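A look at the structure
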Amino acid sequence: KVLIINRPSSVVNLPEKIFPLYLQEFMPPTLISSNKEQISAFAAKHGEVVIKPLYDYGGNGIARIKEGENFEIPSNIPVVVQKFIPEVISGDKRILFINCKFHSVFNRLPPQGSYIANIAQGGTLAKTQLTQREEQICQKLEPMLKAHDILICGIDVINGYVTEINITSPTGFKWAKELYGLQPEVPLWDNIEARLAAKNAGN
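Residues numbered from 1 in each chain as written. Predicted model: local features only at pLDDT ≥ 70, side-chain atom pairs only at ≥ 80, totals over all residues. Heavy atoms only, no water.

Together, L21, Y22 and I32 give the surface a local cluster of nonpolar side chains, amounting to about 250 Å² of exposed area. Of note, I32 is situated in strand 1 (residues 30-33). (Patch = residues over 30% accessible without salt bridge, like charges linked within 9 Å, V, L, I, M, F, W, Y side chains within 5 Å. Areas by Shrake-Rupley, 256 points an atom, 1.4 Å probe, with all protein chains shown as cover. Salt bridge = Lys/Arg side-chain N within 4 Å of Asp/Glu carboxyl O. Helix = DSSP H or I, 4+ residues; strand = E, 2+ residues; numbered from the N terminus.)

Below, the structure written as structure tokens:
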């Protein structure tokens, strides 16, 4: 009888690095595997890839490897392998959704000499706008968020490619305030209060 957001079953069933598979036309070539031979073959096909722990966060454990380079992965633990997108040096966008709808967008720029733009890893914030392709991504994702009752979501987009869809603990509220003077918590709590009122009325 307790209202929990986002819907717990959705958080369990749609992990950050698996959810993008529902938007395959907007994601980079991706492999999820714990098989080193498969990962090596994938790297050989695409020349340069990024390996990310399947269930980690904040840019932790990310490695960039080129074809033929040696690498290690934890035994029997799946990793996400994606074709490296060199345009990441121009930014890794975070698109924030509130109440299942687009709210705001920020660009995260990696530190000099790095390809990891996470703020926790030294990235910096900048204002930006949605491209036409990113608008298409939002239009495709919004009904999915509504169907799974995901009120708060933050997706990561590099050069028009969705790399992660964050619903466990998506950040962006503070950035919306700092960059644009927005208050994303206001429409969110309005929605929550309306839900609670409807629930109490039903009781």
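Next comes the rest of the description.
To continue, consider the pattern of salt bridges. Pairs may arise between side chains of opposite charge once their charged atoms sit close together. This model, assessed by the stated rule, comprises 11 salt bridges. Of the charged contacts, one joins K177 and E185 as a salt bridge, the two residues approaching to 3.2 Å between their closest N and O atoms. K177 sits in the partly exposed class, given a relative accessible area of 42%. (Buried < 20%, exposed > 50% of the residue type's maximum accessible area, 1.4 Å probe, protein only.)

This part takes up the nonpolar core. One finds F19, F97, L141, L145, C153, I155 and I165 to be the most contacted residues of the largest nonpolar core, which totals 30 residues. Mapped onto this core, the elements with two or more residues apiece are strand 5 (92-98), strand 6 (101-109), helix 3 (132-147), strand 8 (152-158), strand 9 (161-166), helix 4 (173-180) and helix 5 (185-202). Ranked by residue count, the leading element in this core is helix 3, at 5 residues. The residues contacting L145, other than those within four sequence positions of it, are F19, F97, C100, I150 and C153. If you look at the next biggest cluster of nonpolar residues, it comprises 11 residues, including L31, F42, I73 and V81. (Core = buried A, V, L, I, M, F, W, Y, C linked by side-chain atoms within 4.5 Å. Contact = heavy atoms within 4.5 Å.)

Time to look at the pairing of strand 9. The buried fraction of strand 9 is high, at 5 of 6 residues. With 5 bridges joining them, strand 8 and strand 9 adopt antiparallel strand pairing. Residue pairing across strands places V157 opposite V162, the latter belonging to strand 9. Two successive antiparallel strands, strand 8 and strand 9, enclose a turn made up of 2 residues, where N159 displays a positive phi of approximately 50°. (Pairing = 2+ DSSP bridges.)

Attention now moves to the sheet that holds strand 4 (residues 79-83). The strands making up a sheet associate through hydrogen bonds between their backbones, and the pairing can be parallel or antiparallel. Within the open sheet, the 4 strands sit side by side as 1-4-2-3. Their pairing is antiparallel. A single partner strand is all that each edge strand has here, and the edge strands are strand 1 and strand 3 (63-66). Neighbour-to-neighbour, the strand axes of this sheet turn through a mean angle of 25°, independent of strand direction. With 5 bridges connecting them, strand 2 (residues 48-53) and strand 4 associate as antiparallel partners. Directly across from V50, in strand 4, lies its bridge partner Q82. (Axes fitted to C-alpha atoms, helices over the stretch in contact; angles between N-to-C directions.)

Distances and angles like these do not, on their own, reveal function.
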